[in-house]
Amino acid sequence: NTNYDYMRIISSLKGAGATYETVELNFPEGFTLEQIVDRLVENGVNTREALMNSLQNTEFEYDLVKDIPTDDPDRLTKLEGYLFPDTYEFYKGEAPDSVIGKFLANTEKKITAEMREQAKASGMTVDELITLASVIEKEAGNPNEVANVSSVFHNRLAAGMRLQADATREYVNR
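Quick caveat, the model's predicted, so the values are computed rather than measured.

Here glutamine 164, not a glycine, exhibits a phi torsion of approximately 50°, which is positive. Looking at the secondary structure, you find glutamine 164 in the loop between α8 (146-158) and α9 (166-173).

Below, the structure written as structure tokens:
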């Protein structure tokens, strides 16, 4: 069946038609990593401890993740901003690395080579762009304000100014 993912194929091969309960979950734009984990836990995908451990400690094999700086003491969580907002299907009790891998595979597809080149041309890393996009999204509050907030922030950065974004202060103080 071409609709089977790897877990389903393996389970089919191991057992005579073993089935697993799945859950389809939507993660809207603006969800923090904590909110994503909360939704996964509430729906029986896995435990908070296992998911958080995977998020912080697993070395995922995605180009996107390999470029995340690991020596930044100000970085609260390794993969914040890297779990693409979308609708996903998970198995209840699915392995945490598999769960996080679904998000990262989707994010990897969404960040195109063109976007990576634009980041490089702007003098920013993809990680910095993801962070800036997250700050812009939170600061704007609604989709109609994103372009204006983005313009203001890019102008501030070009002038060597601080962003002075409420969203960053709120994130750190949560």
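Turning our attention to the pairing of strand β1 (residues 22-26). Only one face of β1 is buried: it carries Val23 and Leu25, and the other face, with Thr22, Glu24 and Asn26, is open. In the sheet, β1 pairs with strand β2 (residues 87-91) via 5 bridges, with the strands oriented antiparallel. Looking at the pairing, valine 23 lines up with phenylalanine 90 of β2.

A separate point is the side chain of aspartate 127. Take aspartate 127: it is sitting in helix α7 (residues 126-140). Residue classification places aspartate 127 among the buried positions, given a relative accessible area of 8%. Residues contacting aspartate 127, with those up to four places away along its chain left out, are Ile68, Pro69, Arg75 and Tyr82.

Once that is clear, we can look at the confidence of the model for the protein chain. For the protein chain, the mean per-residue pLDDT works out to 87, and 91% of the residues sit at or above 70. Averaged pLDDT values for the elements of the protein chain fall to 70 in helix α1 (residues 6-14) and rise to 97 in helix α2 (residues 33-42).

Spanning 13 residues, α8 covers 18 Å between terminal C-alpha atoms, matching the ideal 18 Å at 1.5 Å per step. Those residues of α8 that fall on the buried side of the exposure criterion are Val149, Ser150 and Phe153. The buried residues of α8 occupy an angular sector of 100° when projected down its axis, which confines them to one face. α8 presents Ala147, Asn148, Asn155 and Ala158 as exposed residues on the side facing more than 90 degrees away from its buried surface.

Moving on, we get to the nonpolar core. Core analysis: the biggest nonpolar cluster contains 28 residues, and Leu40, Leu79, Phe90, Ile100 and Phe103 have the highest contact counts within it. Taken together, the elements giving at least two residues each to this core come down to β1, α2, α3 (48-57), α4 (63-66), β2, α5 (96-110) and α7. With residues up to four places along the chain from it excluded, the contact list for leucine 79 reads Leu33, Leu55, Phe60, Val65, Ile68, Ile100 and Leu104. Grouped together as the second largest cluster of nonpolar side chains are 9 residues, Val135, Ile136, Ala140 and Phe153 included.

The next thing to look at is the layout of surface pockets. Roughly 270 Å³ of internal volume is contained in the second largest pocket. Forming the walls of the second largest pocket are Tyr62, Asp86, Thr87, Tyr88, Glu89, Ser98, Gly101, Lys102, Ala105, Asn106 and Lys109. Listed by contribution, the elements that provide at least two residues to the lining of the second largest pocket are β2 and α5. Counting residues per element, the lining of the second largest pocket draws most heavily on α5, which supplies 6 residues. Counted by class, the lining of the second largest pocket contains 3 nonpolar, 4 polar and 4 charged residues.

Rules of the game
Residues numbered from 1 in each chain as written. Predicted model: local features only at pLDDT ≥ 70, side-chain atom pairs only at ≥ 80, totals over all residues. Heavy atoms only, no water. Helix = DSSP H or I, 4+ residues; strand = E, 2+ residues; numbered from the N terminus. Buried < 20%, exposed > 50% of the residue type's maximum accessible area, 1.4 Å probe, protein only. Pairing = 2+ DSSP bridges. Contact = heavy atoms within 4.5 Å. pLDDT = per-residue confidence, 0-100. Expected span 1.5 Å × (residues − 1). Arc of directions from axis to C-beta. Core = buried A, V, L, I, M, F, W, Y, C linked by side-chain atoms within 4.5 Å. 1 Å grid on protein atoms, 1.4 Å probe; cavity = no way out; pocket = protein on both sides within 12 Å on 5 of 7 lines; lining within 4 Å. Points joined across faces, edges and corners; volume = space filled by probe spheres on them. Nonpolar A, V, L, I, M, F, W, Y, C, P; charged D, E, K, R; others polar.

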